[in-house]
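Chain and residue survey
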Amino acid sequence: MCCSLLYIYSLLVSGFTVNKTSAILFVVLGAVMIVALLVELMIINIYRRKLHENQKKTRQLDSVQKQLQMEFVANMTHEVRTPMNAILGFTTILAEMNDLDQETRHQLIMEVEKNKEVLLKILNDILDYSQLSSNSLQFQEEKVSVNAVLADCLALALAKCRNSSVTLVIADKLPYCSLKIDKRRFSQVLNNLIRNAITYTEKGQITLGYRRLPDNTLYFFVSDTGCGIDILQHRRIFNSFVKVDSNIRGAGLGLTLSKAIVEYYGGHMGVESKLGLGSTFYFTLPSRLEVKEYGYN
């Protein structure tokens, strides 16, 4: 374009003879080229401005990412140290004080056991989350009896629940149901939901079960009569490192991992809850996972 302008200028300077029509065409052509040049300069300027803005955003994102990493490290350090310090403290008392009565010794041992489980859960969740972030979370499918897994989860919950004001029951289930699924991951989802229900329920009942929906999708649920969750928190609680109550120990990864496991199998996880009126966490699994057996399906 610049060469064309120079060419026109050279013609005029050299005394090239043009008629009126040709002169007008040269003027119009020159004006168009000048406008095109200005537009091109504007586009270059916009591009440079956008590039600068993107670079600024990148620097901001890097800063936010570094801040999140620092907060994550600080949070996880705190979460790990709390049960670790409790374990060290209680074991030191048990080791150094020989005059403890049997009841006190039993209580200290129970505290050590409880904090050991909290610490192990945090470490397992962090390990699973790191694998989830790198798309390397492992799954090993096998034929699994849903009713057997449900019974095992209930037995574990009854053993862990130390609140006599809370009852746990299986309220709804099919006579028989078998899935092709990773048993450990399936149990992990149910145990996470039951553990959360126990944590946030002071009295009343925790109900778990499952049923078949009209489209043959399997619907699993854990309901409680606990404190409930504000509607503004319903979507947020499935995010990483989010806890309804910051005083509750844990990494805040249980629901994140559970949702990821359910979605891996093509299902969906959600919550229905009102503040002060309890909660129902649920997830669905597609019918294709069900193992069809003669006499049952």
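Computed from a predicted model, the values in this text were never measured in an experiment. (Residues numbered from 1 in each chain as written. Predicted model: local features only at pLDDT ≥ 70, side-chain atom pairs only at ≥ 80, totals over all residues. Heavy atoms only, no water.)

1. Here we look at the confidence of the model for the chain
- Per-residue pLDDT for the chain averages 78, and the proportion of residues at 70 or more is 70%.
- By mean pLDDT, the top-scoring element of the chain is strand 5 (residues 218-224) (96), and the lowest-scoring one is helix 1 (residues 2-13) (48).
- Low pLDDT, under 50, characterises residues 4-9; the stretch is placed with seven contacts to residues that sit more than four places away or in other chains. (pLDDT = per-residue confidence, 0-100. Helix = DSSP H or I, 4+ residues; strand = E, 2+ residues; numbered from the N terminus. Contact = heavy atoms within 4.5 Å.)

2. Comments concerning the sheet that holds strand 5
- An order of 2-4-5-7-6 is seen for the five strands of this open sheet, with the pairing classed as mixed. Sheet topology places strand 2 (166-172) and strand 6 (268-273) at the edges, where each strand pairs with a single neighbour. Pairwise comparison of adjacent strand axes, ignoring direction, gives a mean angle of 15° for this sheet.
- Packing of helix 4 (residues 146-160) onto the sheet brings it into contact with strand 2, strand 4 (204-212) and strand 5, and relative to strand 2 it is tilted by some 175°.
- Packed on one face of the sheet, helix 5 (residues 183-199) meets strand 2, strand 4, strand 5, strand 6 and strand 7 (279-285) and runs near 170° to strand 7. (Pairing = 2+ DSSP bridges. Axes fitted to C-alpha atoms, helices over the stretch in contact; angles between N-to-C directions.)

3. Re the nonpolar core
- The biggest cluster of nonpolar side chains holds 41 residues, and the ones touching the most others in it are Leu168, Leu179, Phe186, Phe220, Phe281, Phe283 and Leu285.
- Each residue touching Phe220, except ones within four places of it in the same chain, is listed here: Val146, Leu179, Phe186, Gly209, Tyr210, Phe281, Tyr282, Phe283 and Leu285.
- Within the second largest apolar cluster, six residues are counted, among which are Leu94, Leu100, Val112 and Leu119. (Core = buried A, V, L, I, M, F, W, Y, C linked by side-chain atoms within 4.5 Å. Buried < 20%, exposed > 50% of the residue type's maximum accessible area, 1.4 Å probe, protein only.)

4. Quick notes on unusual backbone geometry
- The phi angle at Asn216 is positive, at roughly 75°, despite the residue not being glycine.
- Here Asn216 shows up in the loop between strand 4 and strand 5.
- Residue classification places Asn216 among the partly exposed residues on the basis of a relative accessible area of 38%.

5. Examining helix 4
- Under the 1.5 Å per step criterion, the end-to-end length of helix 4 is 21 Å for 15 residues, consistent within 8% with the ideal 21 Å.
- Looking only at helix 4, the buried set comprises Val146, Asn147, Val149, Leu150, Cys153, Leu154 and Ala157. One face of helix 4 carries all of its buried residues, which in axial projection span an arc of 160°.
- The inward-facing, buried residues of helix 4 contact strand 1 (142-145), strand 2, strand 3 (178-181), helix 5, strand 4 and strand 5. (Expected span 1.5 Å × (residues − 1). Arc of directions from axis to C-beta.)

6. Focus: the packing of helix 3 (residues 102-133) against helix 5
- Packing of helix 3 against helix 5 brings their axes to within 14 Å, and their N-to-C directions diverge by 130°. As summarised for this structure, helix 3 and helix 5 are arranged oblique, according to the angle between their axes. Regarding helix 3 and helix 5, the two cross each other, and that crossing is left-handed. Taken together, the residues of helix 5 that come into contact with helix 3 (itself represented by Lys121, Asp128 and Gln131) are Arg185, Gln188, Asn192 and Arg195.
- Residue composition of the contact of helix 3 with helix 5, grouped by class: no nonpolar, three polar and four charged. (Parallel < 35°, antiparallel > 145°, perpendicular 65-115°, else oblique. Left-handed = near helix turned anticlockwise from the far one by under 90°. Nonpolar A, V, L, I, M, F, W, Y, C, P; charged D, E, K, R; others polar.)

7. Some points on the packing of helix 5 against helix 6 (residues 254-264)
- One can describe the packing of helix 5 onto helix 6 by two numbers: an axis separation of 9 Å at closest approach and a directional angle of 145°. Helix-helix and strand crossings are classified by hand; for helix 5 and helix 6 the assignment is left-handed. Where helix 5 approaches helix 6, its residues Arg185, Gln188, Val189, Asn192, Leu193 and Asn196 are matched on the opposing element by Gly254, Leu255, Leu257, Ser258, Ile261 and Val262.

8. Digging into the packing of aromatic side chains
- In total, this model carries nine aromatic pairs according to the counting rule given.
- Seen in terms of ring centroids, Phe139 and Tyr264 are 3.8 Å apart; in terms of plane orientation they differ by 5°. Their pairing is stacked. In this pair, Phe139 is assigned in the loop between helix 3 and strand 1 and Tyr264 in helix 6, connecting sequence segments 125 residues apart.
- Assessed through its relative accessible area of 15%, Phe139 is described here as buried. (Phe/Tyr/Trp six-rings, centres within 6.5 Å; stacked < 30°, edge-to-face > 60°.)

9. Quick word on the pattern of salt bridges
- Inspection of every chain in the model, using the stated rule, returns six salt bridges.
- Residue Glu290 pairs with Arg212 through a salt bridge whose shortest N-O separation is 2.7 Å. Here Glu290 is found in the segment after strand 7, whereas its partner Arg212 is found in strand 4, with 78 residues between them in sequence.
- The exposure class of Glu290 is buried, given its relative accessible area of 6%.
- The class for Arg212 is partly exposed, based on a relative accessible area of 30%.
- Residues Lys259 and Glu263 are paired through a salt bridge, measuring 2.6 Å at the closest nitrogen-oxygen approach. Taken together, the residues Lys259 and Glu263, both in helix 6 and four residues apart, mark about one turn of the helix.
- When its relative accessible area of 42% is taken as the criterion, Glu263 is described as partly exposed. (Salt bridge = Lys/Arg side-chain N within 4 Å of Asp/Glu carboxyl O.)

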